[in-house]
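Working through the structure, step by step
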Number of protein chains: 2
Amino acid sequence: MATSRLRDVAARAGVSIRTVSNVVNGYAPVSDETRSRVEKAVAELDYRPNLLARNLKQGRTGMLALVVPELDVPYFSELARAVVTTARHHGYTVVIDQTDGEPDRERELITRGASAALFDGVILSPLALSPADLADRDASAPLVLLGERIADSRYDHVAIDNVTAAREATGHLLGLGRTRVAAVGDQPYETGETAQLRTRGYRQAHADHGREVDESLIVGTRRFHHADGARAMAALLDHPDGPPDAVFCYNDLLALGALRTLLSRGVRVPDDIAVAGFDDIEAGRYHTPTLTTVSPDKATIARLAVDRLIARLGDRPDEPPAELWAPHRLVPRESTTGPALRPTDVAARPGQAGH
Amino acid sequence: MATSRLRDVAARAGVSIRTVSNVVNGYAPVSDETRSRVEKAVAELDYRPNLLARNLKQGRTGMLALVVPELDVPYFSELARAVVTTARHHGYTVVIDQTDGEPDRERELITRGASAALFDGVILSPLALSPADLADRDASAPLVLLGERIADSRYDHVAIDNVTAAREATGHLLGLGRTRVAAVGDQPYETGETAQLRTRGYRQAHADHGREVDESLIVGTRRFHHADGARAMAALLDHPDGPPDAVFCYNDLLALGALRTLLSRGVRVPDDIAVAGFDDIEAGRYHTPTLTTVSPDKATIARLAVDRLIARLGDRPDEPPAELWAPHRLVPRESTTGPALRPTDVAARPGQAGH
DNA sequence: TCAGCGTATTGCAACGATGCACAGGCGGCA
DNA sequence: TGCCGCCTGTGCATCGTTGCAATACGCTGA
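Analysis parameters
- Residues numbered from 1 in each chain as written.
- Chains lettered and ligands numbered in written order.
- Predicted model: local features only at pLDDT ≥ 70, side-chain atom pairs only at ≥ 80, totals over all residues.
- Heavy atoms only, no water.
- Domains from an automatic or database assignment.
- Buried area = accessible area lost by both parts, 1.4 Å probe.
- Salt bridge = Lys/Arg side-chain N within 4 Å of Asp/Glu carboxyl O.
- Polar contact = N/O pair within 3.5 Å; in protein donor to acceptor, adjacent residues only side chain to side chain.
- Helix = DSSP H or I, 4+ residues; strand = E, 2+ residues; numbered from the N terminus.
- Nonpolar A, V, L, I, M, F, W, Y, C, P; charged D, E, K, R; others polar.
- Buried < 20%, exposed > 50% of the residue type's maximum accessible area, 1.4 Å probe, protein only.
- Contact = heavy atoms within 4.5 Å.
- Arc of directions from axis to C-beta.
- Near = heavy atom within 4 Å.
- Axes fitted to C-alpha atoms, helices over the stretch in contact; angles between N-to-C directions.
- Parallel < 35°, antiparallel > 145°, perpendicular 65-115°, else oblique.
- Core = buried A, V, L, I, M, F, W, Y, C linked by side-chain atoms within 4.5 Å.
- Left-handed = near helix turned anticlockwise from the far one by under 90°.
- Pairing = 2+ DSSP bridges.

1. Examining the domain arrangement of chain A
Residues and elements named next belong to chain A. Split into domains, chain A comes out as domain 1 (57-160 + 298-327) and domain 2 (162-295). Regarding the contact of domain 1 and domain 2, the summed buried area is about 1,100 Å², with carbon and sulfur atoms giving 47% of it. The interface formed by domain 1 and domain 2 holds one salt bridge in total. A salt bridge links glutamate 70 to arginine 223, with the nearest nitrogen and oxygen atoms 2.7 Å apart. For the interface between domain 1 and domain 2, the tally reads six residue pairs in polar contact (both at pLDDT 80 or more). Top element by residues in the side of domain 1 that touches domain 2 is helix 5 (residues 74-89). It accounts for three residues. A breakdown of the residues in the side of domain 1 that touches domain 2 according to their chemical character gives seven nonpolar, no polar and five charged.

Below, the structure written as structure tokens:
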């Protein structure tokens, strides 16, 4: 059956279009008799409002866009889940799109998609976007940035304290008595301000412990995937001064990749080399050894971003851009402390009883 | 700046609204002089077409919806990536939504969202939806179903041959000489037709090898997450007849969860117990041991689904519903064959900085 | 000079819905 | 009896865009 319109329902019920609209939306007072006649017609014609038309008229869509570089990177998919859930509580639907880190794609999404009235607001986790790209943008739909990049822009911005987090993670390794702690995941500024911040924290931790940084132990990776970590670890094992005795990876995928290289070569973790990651993805909690990591509070990140967006859409459209910080915590697990210390860590998993 | 409209651009350029529209869309012939004047005004006002209005007028949105139960389950996020990529080649944007397996949510999305003209088509991976729910649906926007459920419905449907795949995986384990092969992930029909099919394949493999199925080795799980697999494996280790010597898990998360239980208890894999999974998620390729699994061809699944949808949107709207099958293959890795057999299975090769 | 034609530009209606303000009918009260 | 006001229900304009078809214009050829 072709989609029916208010007009069709009105004709069938013998009332005006306007009255049908009132019944559907429960706006104005409608007599019981008219109401039931309209409802009958609605049911018979299987009428459903055309949201495109409604949204056009109302000037809002009830949809938020979440733009992330890669959906199949667990950090992003876990974050996406949090955002979707939070937004739903506010009555918003979240649509997700991935950019594959292509600047064109990111640009297109924030301009075409967002300021084209399709979305009421946008949450963007930029990977390849420069400040210039953003400045360029017409601010028709509010935008909240996730992560570190472009912190100086005119947009709201949610992040964790990457420097401190990296400092804590590195400090944890140094505190275990490791003397040669490598860093895996460094990136040049253009593509990875976040990486830069973590490197800064890595350096600070060394300073805290009165240690020199061995620059040759800072390994860059092009991306943050398993393969990059595995490759970087292999390179570190061939280090001219011998392998390091600990590795801080800038995310958990790198760390799991590094672990693969180590374990498949018979290196003992953490006895020979301790490994720490970043993001606290679920896979790390079930790996053997379980993965020590920095756990950003994803639920809070999602909440801050969504709340902010909704505030701008509602009664506070003109507040100055804010920098919002979400908490994080270091979660020591077997990959640094060994199995003895936390034998039941695997059991830990947030309950998911219904609701 | 408030969003500008065709009207504003027209006023500024001193031409009619219609001409601006023509310039923007490149439709009708426009003199170079007029064109440049309009383009100047467009730039000055930072005009961008209101897609809501355009879509309303044109009756299409260029957006497809992908509805999956859980985004942070790697199988779905990897599939989502494939769908997004494929659709982009056809000029469609994919918006993703997750249902958390809630029937209400799934229902809402396919009815409200889809038949409300927001999306041109929907790809749905249903978890909790009954045939009745679907029958109920007005077929305003084409729908393609992923996975096994509701195969008898009036919709296009893309799946892999789960029975054969499970049979091959189980056969692989039996072929290795294992005699007590457990199955983890069975579910009652209402929530898991896919699980039922895999159990059927598991039984067939036993028949192939002339073996009885020990019903007590078939373990049900409520969901398909790490935790479920870890729990099920723990239960199997306490089996009254002693642990099994192989386990076929109905997805990779279950398998990785099972591996966690085994490895943390010092059980040797695959020497003592071999483990196989299903889905071929990236994490399994970097686990130690690497995970033997059934690899569904996600790219083909995505392609079949998107192509089908687009065919219906285009010149073949009225073809009868089809059952489309995507290939799969068994990928033996260390968790069943041991490291000796495939020492270089891990993607990473030593050395190689940058690229 | 004018019919004839192609090019450039325009006005009007429509997509399907909602905001606003008012029309019609009824009962209550003076 | 007549006026007022409430309760229902409605018409019109509008959101920003595009489809259609007509207009205005300039140029060619006879």
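2. Some thoughts on the side chain of Arg312(B)
Residues and elements named next belong to chain B. Within the secondary structure, arginine 312 sits in helix 13 (residues 298-313). We classify arginine 312 as buried; its relative accessible area is 14%. A polar atom in the side chain of arginine 312 sits 2.6 Å from the side chain of aspartate 156. There is a polar contact of 3.5 Å between the side chain of arginine 312 and the backbone oxygen of proline 320. Residues contacting arginine 312, with those up to four places away along its chain left out, are Pro142, Asp156, Pro317, Asp318, Glu319, Pro320 and Pro321.

3. A short note on helix 4 (residues 51-58) of chain B
Because an α-helix packs 3.6 residues into every turn, residues spaced three or four apart end up facing the same way. All names here are of chain B. Of the residues making up helix 4, those classed as buried are Leu51, Leu52 and Asn55. Relative to the axis of helix 4, the buried residues are bounded by an arc of 100 degrees and lie together on one face. Taking the backbone nitrogen of leucine 52 as reference, a side-chain oxygen 2.8 Å away marks asparagine 50 as the first, capping residue of helix 4. The positive-phi residue at the C-terminal boundary of helix 4 is glycine 59, with phi of around 75 degrees.

4. Some remarks on the protein's contact with DNA strand C
Around DNA strand C, 27 residues are found, and the nearest of them are Leu6(A), Arg18(A), Ser21(A), Thr19(B) and Thr34(B). Atoms of DNA strand C within 4 Å of the protein belong to the sugar or the phosphate in 67% of instances, the rest to bases. One nitrogen or oxygen atom from the main chain of Asn50(A) is found 3.2 Å from a phosphate oxygen belonging to DNA strand C. A distance of 3.1 Å separates a phosphate oxygen of DNA strand C from a polar atom in the side chain of Arg54(A). Contributing elements (two or more residues each) for the surface near DNA strand C: helix 1 (6-13), helix 2 (17-25) and helix 4 (51-58) of chain A together with helix 2 (17-25) and helix 4 of chain B. When residues in the surface near DNA strand C are grouped by element, the largest group, five residues, is from helix 4 of chain A. When its residues are assigned to classes, the surface near DNA strand C shows 11 nonpolar, nine polar and seven charged.

5. Points about the packing of helix 2 of chain B against helix 3 (residues 32-45) of chain B
All names here are of chain B. Two elements in contact, helix 2 and helix 3, have axes separated by 10 Å at closest approach and are oriented at 90 degrees. Classified by the angle their axes make, helix 2 and helix 3 are roughly perpendicular. Of the residues in helix 3, those in contact with Thr19, Val20 and Val23 of helix 2 are Thr34, Arg35, Val38 and Glu39.

6. Looking at the pattern of salt bridges
A side chain with one charge can pair with a side chain of the opposite charge if their charged atoms come near. Across all of its chains, the model carries 44 salt bridges over all chains by this definition. Taking the shortest distance from any N to any O, the salt bridge between Glu334(A) and Arg260(B) comes out at 2.5 Å. Remark: Arg260(B) occurs in helix 11 (residues 252-264) and Glu334(A) occurs in helix 14 (residues 334-337); the pair is interchain, linking two chains. Per residue, the accessibility class of Glu334(A) equals that of Arg260(B), and both read buried. Arg268(B) is the salt-bridge partner of Asp272(B), the closest N and O atoms lying 2.9 Å from each other.

7. Quick notes on the nonpolar core
Counting residues in each nonpolar core, the largest one holds 147 residues, and the members touching the most others are Ile96(A), Tyr202(A), Phe248(A), Ile96(B), Tyr202(B) and Phe248(B). Not counting residues within four places of it along the chain, the set of residues in contact with Ile96(B) comprises Leu71(A), Val94(A), Val95(A), Ile96(A), Leu66(B), Val68(B), Leu71(B), Ala80(B) and Val84(B).

8. Description of the packing of helix 1 of chain A against helix 3 (residues 32-45) of chain A
All names here are of chain A. For the pair helix 1 and helix 3, interaxial distance at closest approach is 9 Å and the crossing angle is 125 degrees. On the basis of their axis angle, the class for helix 1 and helix 3 is oblique. Every pair of crossing elements has a handedness; the one defined by helix 1 and helix 3 is right-handed. Residues Asp8, Val9, Arg12 and Ala13 of helix 1 pack against Arg37, Val38, Ala41, Val42, Glu44 and Leu45 of helix 3.

9. Regarding the sheet that holds strand 10 (residues 292-296) of chain B
In any sheet, the strands associate via hydrogen bonds between backbone groups, in a parallel or an antiparallel arrangement. Residues and elements named next belong to chain B. Ordered in space as 7-6-8-9-10-12, the six strands form an open sheet in which the pairing is mixed. Looking at strand neighbours, the two that pair on one side only are strand 7 (218-220) and strand 12 (328-331), the edges of this open sheet. Averaged over all pairs of adjacent strands, the angle between their axes in this sheet comes to 15 degrees, without regard to strand direction. Summarising the sheet, strand 8 (residues 246-249) and strand 9 (residues 274-278) pair through three bridges and their orientation is parallel. Pairing of alanine 246 across the sheet is with alanine 274, part of strand 9. Its contacts with the sheet put helix 9 (residues 193-208) on strand 6 (181-186), strand 7, strand 8 and strand 9, and the angle it makes with strand 6 is roughly 165 degrees.

10. As for the protein's contact with DNA strand D
In the vicinity of DNA strand D lie 25 residues, with Thr19(A), Thr34(A), Leu6(B), Arg18(B) and Tyr47(B) positioned nearest. What you see for DNA strand D is that sugar and phosphate hold 69% of its atoms within 4 Å of the protein. A distance of 2.7 Å is found between a phosphate oxygen of DNA strand D and a side-chain nitrogen or oxygen belonging to Ser21(B). Within the backbone of Asn50(B), one N or O atom sits 3.1 Å away from a phosphate oxygen of DNA strand D. Among the secondary structure elements, those contributing two or more residues to the surface near DNA strand D are helix 2 and helix 4 of chain A together with helix 1 (6-13), helix 2 and helix 4 of chain B.

11. Here's the deal with the pairing of strand 3 (residues 121-124) of chain B
Residues and elements named next belong to chain B. Alternating residues of strand 3 divide into Gly121 and Ile123 and Val122 and Leu124, and every residue in both groups is buried. Of the pairings in the sheet, the one linking strand 1 (residues 63-68) to strand 3 comprises four bridges and is parallel in character. Within strand 3, the residue paired with alanine 65 across the bridge is valine 122. Bridge count for strand 3 against strand 4 (residues 143-146) is three bridges, and the pairing is parallel. When the sheet's bridge partners are listed, leucine 124 is paired in strand 4 with leucine 145.

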